[in-house]
Amino acid sequence: MRLVAALVFCVLSAGAHAGWSVSADLESFKWEESGTPSVTEKGARYGFGWGFTQERPAGWQFAYRGQFRRGTVDYTGAFLFSGQPTTARTRYTGLVNEAQGIYRFPQPIGFELLGGLAYDYWERNILPDQREDYSVVFLRLGLNLDPRAARGWFGGGGLKFPFYVSENAHLDELGFDQNEKLHPKGEVSLYAQAGYRFTPRWSLAGYYDGYRFGESKTVRATSASSPGTQFLLFQPASTVDSYGLKLQYDFP
């Protein structure tokens, strides 16, 4: 049995190379809500990433990527109850984990089909003390072009579909006697990147990443200070657009 297992391992590993990578990125971030009055948040965020890739000359291969994100951006919107316009700062802290399956065609240009399943969690803290926690599970479907040359261009892009979205607005901390979760509707969005590999280890890429969320269903919440007074609450349709640069190092 040990001999059979060893032979199977050798067959599966033939022609494959696996390795880790780390990255750092800086992006221009923008969040918009279509409510009345509308809400806009924009500014710079930074991130650190890590990943593992099993590379083969052709056929199926697998990858994992993770990313930590943080940044404080400018908020232009309104107070929840009065609707009076206001400005503030919003701090974002988030973590992404994604598993990917990649099929590489035996061509010099390095054409690949990519599918991914990811969990994206972030905290949106409108300073000083209004916070929202988002949990998003999404599917990714895309195309890559990567010749894997020691020096040269690579890129890719495709679609993201969030099929599960949950928002914890911490309504009990805003004066309500319960904390109903909100569920914005996930809609298809785009992503893309284009980069240049300077050495076998170092590369720099520009990227775009986005989300599209439809308006959530309305929930009823009762005021803790005025028993019997109910409010109808929902998360307006929202869009997220991020443009950034990522520097990556691939370990031998």
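So, here is what we can say about the structure in this document. Being a predicted model, the structure only gives us computed values, none of them experimental.

Analysis parameters
Residues numbered from 1 in each chain as written. Predicted model: local features only at pLDDT ≥ 70, side-chain atom pairs only at ≥ 80, totals over all residues. Heavy atoms only, no water. Core = buried A, V, L, I, M, F, W, Y, C linked by side-chain atoms within 4.5 Å. Buried < 20%, exposed > 50% of the residue type's maximum accessible area, 1.4 Å probe, protein only. Helix = DSSP H or I, 4+ residues; strand = E, 2+ residues; numbered from the N terminus. Contact = heavy atoms within 4.5 Å. Salt bridge = Lys/Arg side-chain N within 4 Å of Asp/Glu carboxyl O. 1 Å grid on protein atoms, 1.4 Å probe; cavity = no way out; pocket = protein on both sides within 12 Å on 5 of 7 lines; lining within 4 Å. Points joined across faces, edges and corners; volume = space filled by probe spheres on them. Nonpolar A, V, L, I, M, F, W, Y, C, P; charged D, E, K, R; others polar. Phe/Tyr/Trp six-rings, centres within 6.5 Å; stacked < 30°, edge-to-face > 60°. Lys NZ or Arg CZ within 6 Å of the ring centre and 35° of its normal.

**What to know about the nonpolar core**
Working step 1: In terms of nonpolar packing, the biggest core is built from 13 residues, with Phe29, Trp31, Tyr92, Trp122, Val136, Tyr211 and Phe213 touching the most fellow members.
Working step 2: Of all elements in the fold, only strand S1 (17–33), strand S5 (111–126), strand S6 (130–145) and strand S10 (202–214) reach the threshold of two or more residues within this core.
Working step 3: It is S6 that provides the largest number of residues to this core, a total of three residues.
Working step 4: Leu171, Phe176, Leu182 and Leu233 belong to the second-largest nonpolar core, a separate cluster that totals seven residues.

**Some details on the environment of Leu143**
Working step 1: Position of Leu143 relative to the elements: it lies in strand S6.
Working step 2: A relative accessible area of 42% means that Leu143 is categorised as partly exposed.
Working step 3: Remark: the alpha-carbon pair of Leu143 and Tyr103, spanning 40 residues in sequence, is separated by 9.7 Å.
Working step 4: Setting aside residues up to four positions removed in sequence, Leu143 forms contacts with Phe111, Glu112, Leu113, Gly155, Gly156, Gly157 and Tyr191.

**So, the side chain of His170**
Working step 1: One can find His170 in the loop between strand S7 (152–168) and strand S8 (185–187).
Working step 2: The class for His170 is buried, based on a relative accessible area of 9%.
Working step 3: Filtering out sequence-adjacent residues up to four positions away, His170 remains in contact with Arg131, Glu132, Asp133 and Asn179.

**Re the side chain of Ser203**
Working step 1: Mapped onto the elements of the fold, Ser203 is located in strand S10.
Working step 2: Excluding its chain neighbours within four sequence positions, the residues that come into contact with Ser203 are Phe154, Tyr196, Arg197, Phe198, Lys246, Leu247 and Gln248.

**Description of the environment of Ser226**
Working step 1: Summarising the element assignment, Ser226 is placed in the loop between strand S11 (219–222) and strand S12 (230–233).
Working step 2: For the pair Ser226 and Ala78, spaced 148 residues apart in sequence, the C-alpha separation works out to 22 Å.

**A few points about the pattern of salt bridges**
Working step 1: The full count for this structure, using the stated rule, is 16 salt bridges.
Working step 2: For Glu41, the salt bridge is made with Arg124, and the minimal N-O distance between the two is 2.9 Å. Of this pair, Glu41 sits in strand S2 (residues 39–55) while Arg124 is found in strand S5, placing the two residues 83 residues apart along the sequence.
Working step 3: Of the charged contacts, one joins Asp241 and Arg212 as a salt bridge, the two residues approaching to 3.0 Å between their closest N and O atoms. Of the two residues, Asp241 sits in strand S13 (residues 238–250) while Arg212 sits in strand S10, which places them 29 residues apart along the sequence.

**Some details on the layout of surface pockets**
Working step 1: Taken as a whole, the second largest pocket spans an internal volume of roughly 870 Å³.
Working step 2: Lining the second largest pocket we find 32 residues, and of these Tyr75, Ala78, Phe79, Leu80 and Gln130 sit closest to its centre.
Working step 3: Among the secondary structure elements, those contributing two or more residues to the lining of the second largest pocket are strand S3 (59–78), strand S4 (85–104), S5, S6 and S12.
Working step 4: Its residues placed into classes, the lining of the second largest pocket shows 20 nonpolar, seven polar and five charged.

**Points about the packing of aromatic side chains**
Working step 1: Applying the stated rule across the entire model yields 18 aromatic pairs.
Working step 2: The interplanar angle of 80° and the centroid separation of 5.6 Å between the aromatic rings of Phe176 and Phe231 together place this pair among those described as edge-to-face. Placement of the pair is Phe176 in the loop between S7 and S8 and Phe231 in strand S12, with a sequence separation of 55 residues.
Working step 3: On the basis of relative accessible area, Phe176 is assigned to the buried category, the value being 3%.
Working step 4: Phe231 sits in the partly exposed class, given a relative accessible area of 29%.
Working step 5: Grouped by ring-pair contacts, the aromatic residues Phe29, Trp31, Tyr92, Trp122, Tyr134, Phe138, Tyr211 and Phe213 constitute a single cluster.
Working step 6: If you follow Arg45 out to its NZ or CZ, it ends over the ring of Tyr92, 5.4 Å from the centre.
Working step 7: Here the guanidinium or amino end of Lys160 rests over the ring plane of Phe138, the centre of that ring lying 4.7 Å away.

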